[in-house]
Amino acid sequence: CGELHRAEQWFAEMIHSGIRPDCITFNSLINACAQCGDCARAESWLAYMERQGISPDAMTYNSVINACAGAGDAERARH
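So, how was this worked out
- Residues numbered from 1 in each chain as written.
- Predicted model: local features only at pLDDT ≥ 70, side-chain atom pairs only at ≥ 80, totals over all residues.
- Heavy atoms only, no water.
- Disulfide = S-S within 2.5 Å.
- Helix = DSSP H or I, 4+ residues; strand = E, 2+ residues; numbered from the N terminus.
- Buried < 20%, exposed > 50% of the residue type's maximum accessible area, 1.4 Å probe, protein only.
- Axes fitted to C-alpha atoms, helices over the stretch in contact; angles between N-to-C directions.
- Parallel < 35°, antiparallel > 145°, perpendicular 65-115°, else oblique.
- Left-handed = near helix turned anticlockwise from the far one by under 90°.
- Contact = heavy atoms within 4.5 Å.

Engineer: What is the right way to look at the state of the cysteines in this model?
Structural biologist: By definition, a disulfide links the sulfur atoms of two cysteine residues through a covalent bond. Tallied over the full model, the rule gives two disulfides. In this model, Cys-1 is linked to Cys-36 through a disulfide, with the two sulfur atoms separated by 2.0 Å. Its torsion about the S-S bond being -75°, the disulfide of Cys-1 and Cys-36 is classed as left-handed. Placement of Cys-1 in the segment before α1 (2-16) and of Cys-36 in helix α2 (residues 23-36) is noted, with a sequence separation of 35 residues between them. Accessibility expressed as a relative area gives 25% for Cys-36, which makes it partly exposed. Each sulfur in the disulfide pair Cys-39 and Cys-68 lies 2.0 Å from the other. Disulfide Cys-39 to Cys-68: torsion about the S-S bond roughly 45°, handedness right-handed. You can see Cys-39 sitting in helix α3 (residues 39-51) and its partner Cys-68 sitting in helix α4 (residues 58-70), a full 29 residues away along the chain.

Engineer: What is the right way to look at the packing of α1 against α3 in this model?
Structural biologist: Any two packed helices are characterised by how steeply their axes cross, that is the angle between the axes, and by the distance between the axes. For the pair α1 and α3, interaxial distance at closest approach is 13 Å and the crossing angle is 15°. What the angle tells us is that α1 and α3 run roughly parallel. Where α1 crosses over α3, the handedness of that crossing is left-handed. Counting all contacts with α1, which are made through Leu-4, Glu-8 and Phe-11, the residues of α3 involved are Arg-41, Trp-45 and Tyr-48.

Here it is as structure tokens:
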């Protein structure tokens, strides 16, 4: 999905520029995953976010659920 790829490029540019991502930044990436129906990638970004010490919020979890639902994986969305 092109928009997700572009969002990840901007994220990498942020990091390269020394800008620390926050919850809103990760929510945007995870939402881009949801729009592409990429559940695995959304979960990967969630895990990375948590490793960086950033606490997910309701929007974060909602976006991961949407990504899993969009991928047709309702069981995964429940967990």
